[in-house]
Structure formats: structure tokens, C-alpha cells
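Residues per chain are reported as follows:
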2 protein chains.
Amino acid sequence: MLRREEMSDDALAMIANRFRVLADPMRLKILHTLGNAEMNVSELVEATRAGQANVSKHLGLMLDAEIVARRKEGLNSFYRISDESIFELCDLVCERLKKQFETRRSVLE
Amino acid sequence: MLRREEMSDDALAMIANRFRVLADPMRLKILHTLGNAEMNVSELVEATRAGQANVSKHLGLMLDAEIVARRKEGLNSFYRISDESIFELCDLVCERLKKQFETRRSVLE
DNA sequence: CAACTATATTATCAAGCAGTAATATAGTTG
DNA sequence: CAACTATATTACTGCTTGATAATATAGTTG
């Protein structure tokens, strides 16, 4: 796709934007925590040991990006992953990082 | 991976860092331009219509991240993609973005 | 070696963003 | 309805980073 077709600047900006959402350790931590189950904000605050405002802001950002979905129930907001493809993205990155470390290590031997 | 195993903060930081490299339209443009062929800096400057210092800095960043590789020949530096997995990443993001737009569009009908 | 060329680096500025405290909103319970 | 609770928003601060101009580095050519 990126390699074969022409890419408009707008398309590039949208793709970059999506990567930007994933380019933050705290958001990845939230996503990782959310991986298995729907959770409310308080649970996420406890699990990540971050401030409530901070967690809410990250969740809002990811909600806008449609990476998570929200279900409101009384005072609580329950969040869940709505874009499962992020796990594929993370897996790809992980594999690649492992390969790089492997290469570097073998260079030293 | 991200979903199943425990993730250290260091691991999350490394993954986030990799996404950060891809979270910039100009870098994506350079990667896209480099997609098919090895090119030197001048060619990339012309193709992207960006400043020379800017292109060099982005290339340096991606070289450090081992996303591109460099071959020096006389005055020229030739760059090429060294991490093909970035195209898979971009493809995944593209597909997902298309789905989102499709969903939004159908909501309006 | 002097002039030239390609690339890299540095300094600087402006913009964007993560974290936090304070406050607002809105639902709940006595 | 008053006190309480969960979440969202706002204002602010410090840090990071992208773009650019200026300069440095290093190879080339006459």
C-alpha cells in the first residue's frame, strides 16, 4: 500500500496521527490493561498507578481515535478495546525489536 | 503479546518509541519515497520538497532506529529501507482507517 | 590547495503534548 | 435537596520535537 500506491499528504497525516496515538507508554499500558476485559476508569487508574485526570485524558484521546469504546452506566464509564488491530501492530513491533536486539548481540560475539 | 504477557514499563517505552518514529508525516513520506529504490539525500530532498537539513535529520533518526540503512559513496549517502515490517504496519493502519470511514459514512445514510 | 558539492550537525524558535491540580458535570444516596 | 462519588474538562507548566538557518565536515575537481 504505502509502497505501491501514491500517497497524498492527507493520507500520510492520518496514518502518522494513528501512530502518534500509540506512541505513548501510558496509553500502551492502558491498552495492555484493557486487553482482556472491559474496565471502568477507577480500575484503570489503580492498575496503571497514574492520576485520574491523566487516565481520563488518554482515554478520551483513544476514544476519539476509535481505538477504545465507552459504555456509560450510572456514574461509571466502562472502556474496552474497539480496534483489535492495535495488538497486531504491537506484535509486529515487538518481533522487530527482538530481531534487532538479537542482531546487535550477535555482533558483539 | 501485548494482550497476553505481562509488559514491563521498559518494554512499553521501547514499543512507544518505535511508534513515535512512524508518527510523523514527513518521515512516512520519506519511507514511502524510499519504498522501491535506494536514493541519496538530494533525490529525497527533491522528491519530498523539504529542506535538506530537515531530510537529513529525519534520516538520521530513522537510521538510529534501524528503519533505514545507509551506504556512503563519495560525497553521497544512499539510503534504503532496512525494516520492511513498517509497510505491514502502515497497511494495517490504512485498512483500519478505511473501515472507520466506511462505518462513519454508513451511519450517515 | 582552493573552490565546490553533498551531507551532517548545531543552535534556535515555535508548536504540541504529557502530567497535574483545580474545577465542572452528572449521577447516586441518605 | 445536600453530601457524596465517578468521570470529564480546563488551565497551566515543563519538556520534547519539527523546521530552518547557519555552520561544520568531508569528499571531489580543477
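This text goes with the structure placed above it.
Quick caveat: nothing in here was measured; it's all calculated off a predicted structure.

Student: Can you explain the protein's contact with DNA strand C? Please cite residues and give values.
Tutor: For DNA strand C, the set of nearby residues contains 22 residues, the closest of which are Ala53(A), Gly74(A), Asn40(B), Ser42(B) and Ala53(B). Broken down by secondary-structure element, the contributors of at least two residues to the surface near DNA strand C are α4 (52-64) of chain A together with α3 (41-48), α4 (52-64) and β3 (76-81) of chain B. With 6 residues, α4(B) is the single largest residue contributor to the surface near DNA strand C. Class assignment for the residues of the surface near DNA strand C results in 8 nonpolar, 10 polar and 4 charged.

Student: How would you sum up the packing of helix α5 (residues 85-107) of chain A against helix α5 (residues 85-107) of chain B? Please name residues and give values.
Tutor: With their axes 10 Å apart at the nearest point, α5(A) and α5(B) run at an angle of 175° to one another. Taken together, the axis directions place α5(A) and α5(B) in an arrangement best described as roughly antiparallel. When α5(A) is examined against α5(B), the residues Ser85(A), Glu88(A), Leu89(A), Leu92(A) and Arg96(A) are found in contact with a partner set consisting of Ser85(B), Glu88(B), Leu89(B), Leu92(B) and Arg96(B). Class assignment of the residues belonging to the contact of α5(A) with α5(B) gives a composition of 4 nonpolar, 2 polar and 4 charged.

Student: Let's hear about the interface of chain B and chain A: which residues, and what values?
Tutor: Across the boundary between the two partners, chain B contributes 36 residues, which contact 36 residues of chain A. Elements represented by at least two residues in the side of chain B that touches chain A include exactly α1 (9-22), α2 (25-34) and α5 of chain B. Among the residues forming the side of chain B that touches chain A, the class breakdown is 20 nonpolar, 5 polar and 11 charged.

Student: Go over the relation of the copies chain B and chain A, please, and point to the residues and values.
Tutor: Two copies of the chain are present, and they differ by a rotation about an axis and a shift along that axis. Superposition of chain B onto chain A requires a rotation of 180° combined with a translation of 0.0 Å along the rotation axis, giving an RMSD of 0.1 Å. Look at the turn and shift together and you get a two-fold axis relating the two.

Student: Lay out the protein's contact with DNA strand D in plain terms, naming residues and giving numbers.
Tutor: Close contacts around DNA strand D come from 23 residues, with Asn40(A), Ser42(A), Ala53(A), Ala53(B) and Gly74(B) the closest. For the surface near DNA strand D, the secondary-structure elements that each account for two or more residues are α3 (41-48), α4 and β3 (76-81) of chain A together with α4 of chain B. Broken down by element, the residue count for the surface near DNA strand D peaks at 6 residues, all from α4(A). In terms of residue class, the surface near DNA strand D is made up of 8 nonpolar, 10 polar and 5 charged.

Student: Would you mind going over the packing of α3(B) against α4(B) in detail, with residue names and values included?
Tutor: All names here are of chain B. Look at α3 against α4: their axes get within 9 Å of each other, and the N-to-C directions meet at 115°. Between α3 and α4, the angle falls in the class roughly perpendicular. Where α3 crosses over α4, the handedness of that crossing is right-handed. Along its contact with α3, which presents Val41, Leu44, Val45 and Thr48, the element α4 presents Gln52, Val55, Ser56 and Leu59. Residue composition of the contact of α3 with α4, grouped by class: 5 nonpolar, 3 polar and no charged.

Student: Outline the sheet that holds β3(B), supporting the account with residue identities and numerical values.
Tutor: Residues and elements named next belong to chain B. Reading across from one edge, β1-β3-β2 is the order of the 3 strands in this open sheet, with antiparallel pairing throughout. Each having just a single partner strand, β1 (39-40) and β2 (68-73) make up the two edges of the open sheet. Pairing of β1 with β3 involves 2 bridges; the strand directions are antiparallel. By the bridge assignment for β3, Asn40 is matched with Phe78. Contacting β1, β2 and β3, α2 runs over the sheet at an angle of about 90° to β3.

Scoring rules and cut-offs
Residues numbered from 1 in each chain as written. Chains lettered and ligands numbered in written order. Predicted model: local features only at pLDDT ≥ 70, side-chain atom pairs only at ≥ 80, totals over all residues. Near = placed C-beta within 6 Å. Helix = DSSP H or I, 4+ residues; strand = E, 2+ residues; numbered from the N terminus. Nonpolar A, V, L, I, M, F, W, Y, C, P; charged D, E, K, R; others polar. Axes fitted to C-alpha atoms, helices over the stretch in contact; angles between N-to-C directions. Parallel < 35°, antiparallel > 145°, perpendicular 65-115°, else oblique. Contact = placed C-beta atoms within 7 Å. Least-squares fit on C-alpha atoms with pLDDT ≥ 70 in both. Left-handed = near helix turned anticlockwise from the far one by under 90°. Pairing = 2+ DSSP bridges.

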